Amino acid sequence: MPLGLLRFAMSKKHPEPRMFREPDALKAAYDVVIIGAGGHGLACAYYLARDYGITNVAVLEQGYIGGGNTGRNTTIVRSNYLTPEGVRFYDESVRLYKDLSEDFDLNLFYSERGHFTFAHTDSALSTMRWRAEVNKHMGIESEVVDRDTIQQACPELDLDCGGHLPVMGALYHAPGAVARHDAVAWGYGRGADQRGVEIHQKTRVTDIRVEGGKVVGVETDKGFVRTGKVVSAVAGFTPRITEMVGLRTPITIQPLQACVTEPLKPWLDTILVSATLHVYVSQSSRGELVMGSALDPYELHSTRSTLDFTESLSGHLLDMFPFLSEIKVNRQWAGMADMTPDFAPVMGRTPIDGFYLDSGWGTWGFKATPVCGKTMSYTVANDREHELIEPFGLSRFENYRLVGEKGAASVGH
Amino acid sequence: MKIINCPVNGARPLQEFAYGGPFRDMPDPATASDAEWGDYVFNRDGAPGVKREWWYHLASGVWFVAERDTLRDRFLKTYLYDAGDQAND
Ligand SMILES: Cc1cc2nc3c(=O)[nH]c(=O)nc-3n(C[C@H](O)[C@H](O)[C@H](O)COP(=O)(O)OP(=O)(O)OC[C@H]3O[C@@H](n4cnc5c(N)ncnc54)[C@H](O)[C@@H]3O)c2cc1C
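What you see is a predicted model; the values in this text were computed from it and never measured.

**Q** Now, about the overall build of chain A: what can you tell me, with residues and values included?
**A** Secondary structure summary: chain A contains 10 helices and 20 strands in total. Its C-alpha atoms give chain A a radius of gyration of 21 Å, near enough to 22 Å, the size a compact globule of 413 residues would have. Seen through its principal axes, chain A has C-alpha atoms that stretch 65 × 65 × 40 Å. Within chain A, the fraction of its 413 residues that count as buried is 56%. For chain A, the share of sequence-separated contacts (at least 6 apart) that also reach a separation of at least 24 residues comes to 76%. Accessible surface, chain A as shown: approximately 17200 Å² in total, 50% of it carbon and sulfur. Here chain A contributes 41 positively and 50 negatively charged side chains, and the mean placements of these two sets differ by 6 Å.

Shown next, in the form of structure tokens:
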């Protein structure tokens, strides 16, 4: 791969073809229409084409590839969740991530850093023990570690957090990683495109036509397209899509904000999370500190940023790292998180024949991108849920069978 | 800074308020079916629009109703609850 870069120095013209074709017009009909060219929609298209030979597929994107939450997240990948169904699912995703750069021949900057979730209270520590035991039982590297271990991994940290909320211990997850989020979308998009999938950017789905309880096509701002299968992979736009087919769901939208500092010399090689302080932080390969906090406290369909967020995040970050007081915040942004009451996704078939949901990804769906592509493509190709997503069906809210991932997903990605 | 008009205390900064969820009518738990009750407990009108919501002024303990555009984050109206109000969601 690095040697291949020499071509760029030798050639006057840009030696690589563009990553995606730009199909000019929509066809009259497709076997499958996927709404949303985020990581999830593109991964689904990729595996539909690669594993099931279903290539008459259109991915429709109102904006640009990866411009939704895929390009806005803080890129943390891990599998130390709380419920067995969650752990099994996310672990498959981590496994897929490890080989993805090779599969795509594209560097995703997948970087295993180790992931610490701090406990500042006895009750947090006991939840962590519970998580560690579930994780170990499922074969995941996960353990509770003491203050000394944390200090060794991050000598710059003030373990007492200014004195008012001392860290008592942490859940440590060695495989915890970060990756370049745009490249994940590009890799899946290029792979799908090369196998014949059409990706239509700047094409918005405005309605879904259902006849006799069955999907027959989608209306777009570029005309009507016939199809018997529609996959909604639109994260923060999910309620607008489910409204089109008259489906009620528990999904509500709240903004999640993030920011980066100016680039610093590398000093932080782990991922640190404190749910109590509402801070999580890692250092990118460019040297920026990538940081996020808790959800905004009320429903809002907007990606606006606020000063409240940077103010409170900076305050808490300084509790952990007083020496950062002179560092500037370079950029801040927000995404719309599609939240569920049990902090688990809503996936699979729905009461409408041919309408599939990949949603409820809230603040935790980037890490699930590969496994969502795998399981959703299986579900669409076979019209039957993949076993890994059976616990995540929409019907669980009718049957009072919630998943209960809150302890692991609420803040700490 | 975002300002909300509390019906009792007037214009106050957002930080003084907590969101109390959508204003909704509860079905009678004695007669509702499991499906109706589940729909009430879990499902929400998640799409954007002008919604009626409960808000709470933390400093003075006042609960009130706000009509808010959830796409543009504009508070259009705030008023005290009147038991005759019907939910509109
Ligand atoms: C600030 C922030 C930090 C996060 N941090 C993490 C993290 O560290 N780890 C983690 O695992 N997860 C994290 N997440 C969550 C994660 O980003 C998302 O769950 C995930 O990216 C969802 O991917 P997606 O492909 O489903 O959706 P998106 O990437 O949002 O793609 C959906 C696409 O659908 C398009 N669309 C919507 N409506 C229509 C329509 N009508 N017609 C056509 N196109 C449409 C949108 O334009 C968009 O591009 C974070 C999220 C945010 C906001």
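**Q** Could you give an account of the sheet that holds strand E1 (residues 32–35) of chain A, naming the residues involved and the relevant values?
**A** Residue and element names in this part refer to chain A. One open sheet holds the 6 strands; their spatial order is E9-E2-E1-E13-E20-E19, and the pairing between them is mixed. Taken across any chain shown, the strands that pair with only one partner, and hence form the sheet edges, are strand E9 (198–200) and strand E19 (346–349). The mean inter-strand angle of the sheet, taken between neighbouring strand axes irrespective of direction, is 20 degrees. Relative to strand E20 (residues 355–359), E19 runs antiparallel, the two being bridged by 4 bridges. The residue of E20 that forms the bridge with Met 347 is Asp 358. Packed on one face of the sheet, helix H2 (residues 39–52) meets E1, strand E2 (57–60), E9 and E20 and runs near 155 degrees to E1.

**Q** Please provide a residue-by-residue account of the interface of chain B and chain A, values included.
**A** On the side of chain A, 21 residues touch chain B, which itself brings 21 residues to the contact. Sorting the residues of chain B by area buried against chain A places Phe 42, Asn 43 and Gly 46 of chain B first, and these three jointly supply 28% of that buried surface. In this structure, Asp 39 of chain B and Arg 248 of chain A form a salt bridge, with 2.9 Å as the shortest nitrogen-oxygen distance. Summed over the shared surface of chain B and chain A, the result is 11 residue pairs in polar contact (both at pLDDT 80 or more). Those elements that provide at least two residues to the side of chain B that touches chain A are helix H1 (34–42) and strand E4 (50–57) of chain B. The class makeup of the residues in the side of chain B that touches chain A is 8 nonpolar, 5 polar and 8 charged.

**Q** Mind laying out the environment of Arg 204 of chain A, listing which residues take part and the relevant values?
**A** Residue and element names in this part refer to chain A. Mapped onto the secondary structure, Arg 204 falls in the loop between E9 and strand E10 (205–211). Exposure remark for Arg 204: the relative accessible area of 40% places this residue in the partly exposed category. Taking the C-alpha atoms as reference, Arg 204 lies 6.0 Å from Glu 61; in sequence the two are 143 residues apart. Sequence-distant contacts of Arg 204, defined by excluding residues within four places in its chain, comprise Gln 62, Glu 219, Thr 220 and Asp 221. Polar side-chain contacts of Arg 204 include one of 2.9 Å to the side chain of Gln 62.

**Q** Quick one: what's the story with the site of the ligand, residue by residue and with numbers?
**A** Residues and elements named next belong to chain A. Taken together, 36 residues sit near the ligand, with Glu 61, Asn 69, Thr 70, Val 205 and Lys 367 positioned nearest. Thr 70 is positioned with one of its side-chain polar atoms (N or O) 2.5 Å from an oxygen atom of the ligand. Burial of the ligand by the protein amounts to 98% of the accessible area it has alone, namely 1000 Å². The set of elements that each furnish at least two residues to the shell around the ligand consists of H2 and strand E14 (252–261).

**Q** Let's hear about the pattern of salt bridges: which residues, and what values?
**A** Pairing of side chains with opposite charge becomes possible as their charged atoms draw close. All chains considered together, the criterion is met by 23 salt bridges over all chains. Of the charged contacts in the structure, one is a salt bridge between Arg 286 of chain A and Glu 288 of chain A, with a shortest N-O distance of 3.5 Å. Taking the relative accessible area as the measure of exposure, Glu 288 of chain A reaches 6% and is therefore buried. One salt bridge in this structure joins Glu 288 of chain A and Arg 331 of chain A, with 3.3 Å as the shortest N-O distance. Placement of Glu 288 of chain A in the loop between strand E16 (279–283) and strand E17 (289–292) and of Arg 331 of chain A in strand E18 (residues 329–339) is noted, with a sequence separation of 43 residues between them. The exposure class of Arg 331 of chain A is partly exposed, given its relative accessible area of 39%. Because the salt bridges share partners, they merge into one network encompassing Lys 2, Glu 53, Arg 68 and Asp 73 of chain B.

**Q** An account of a negative patch on the surface is requested, with residue identities and associated values reported.
**A** Residue and element names in this part refer to chain A. On the surface, Asp 99, Glu 102, Asp 103 and Asp 105 cluster together to form a negatively charged patch. Examined against the element boundaries, Glu 102 turns out to sit in helix H3 (residues 84–104). Among the residues examined, Glu 102 registers a relative accessible area of 70% and is labelled exposed.

**Q** How would you summarise the domain arrangement of chain A if you had to cite specific residues and measurements?
**A** The figure often quoted for interface size is the accessible area lost as the parts come together. Residue and element names in this part refer to chain A. When cut into domains, chain A gives domain 1 (24–72 + 182–251 + 342–408) and domain 2 (112–175 + 252–339). Using only C-alpha atoms to locate each centre, domain 1 and domain 2 end up separated by 30 Å. The partner domain 2 presents 14 residues to the 19 residues of domain 1 that form the contact. Interface area, domain 1 with domain 2, both sides summed: about 1300 Å², of which 57% is carbon and sulfur. Of all residues in domain 1, the largest losses of buried area upon contact with domain 2 belong to Arg 72, Ile 251 and Thr 363, amounting jointly to 38% of the total for that side. Our count for the contact surface shared by domain 1 and domain 2 stands at 0 salt bridges. Counting every contact that joins domain 1 to domain 2 gives 7 residue pairs in polar contact (both at pLDDT 80 or more). When contributions to the side of domain 1 that touches domain 2 are tallied by element, the ones reaching two or more residues are helix H7 (238–244) and helix H10 (406–409).

About the thresholds
- Residues numbered from 1 in each chain as written.
- Chains lettered and ligands numbered in written order.
- Predicted model: local features only at pLDDT ≥ 70, side-chain atom pairs only at ≥ 80, totals over all residues.
- Heavy atoms only, no water.
- Helix = DSSP H or I, 4+ residues; strand = E, 2+ residues; numbered from the N terminus.
- Rg over C-alpha atoms; globule rule 2.2 N^0.38 Å.
- Buried < 20%, exposed > 50% of the residue type's maximum accessible area, 1.4 Å probe, protein only.
- Contact = heavy atoms within 4.5 Å.
- Areas by Shrake-Rupley, 256 points an atom, 1.4 Å probe, with all protein chains shown as cover.
- Lys, Arg positive; Asp, Glu negative; His and termini not counted.
- Charge placed at Lys NZ, Arg CZ, Asp CG, Glu CD.
- Pairing = 2+ DSSP bridges.
- Axes fitted to C-alpha atoms, helices over the stretch in contact; angles between N-to-C directions.
- Buried area = accessible area lost by both parts, 1.4 Å probe.
- Salt bridge = Lys/Arg side-chain N within 4 Å of Asp/Glu carboxyl O.
- Polar contact = N/O pair within 3.5 Å; in protein donor to acceptor, adjacent residues only side chain to side chain.
- Nonpolar A, V, L, I, M, F, W, Y, C, P; charged D, E, K, R; others polar.
- Near = heavy atom within 4 Å.
- Patch = residues over 30% accessible without salt bridge, like charges linked within 9 Å, V, L, I, M, F, W, Y side chains within 5 Å.
- Domains from an automatic or database assignment.

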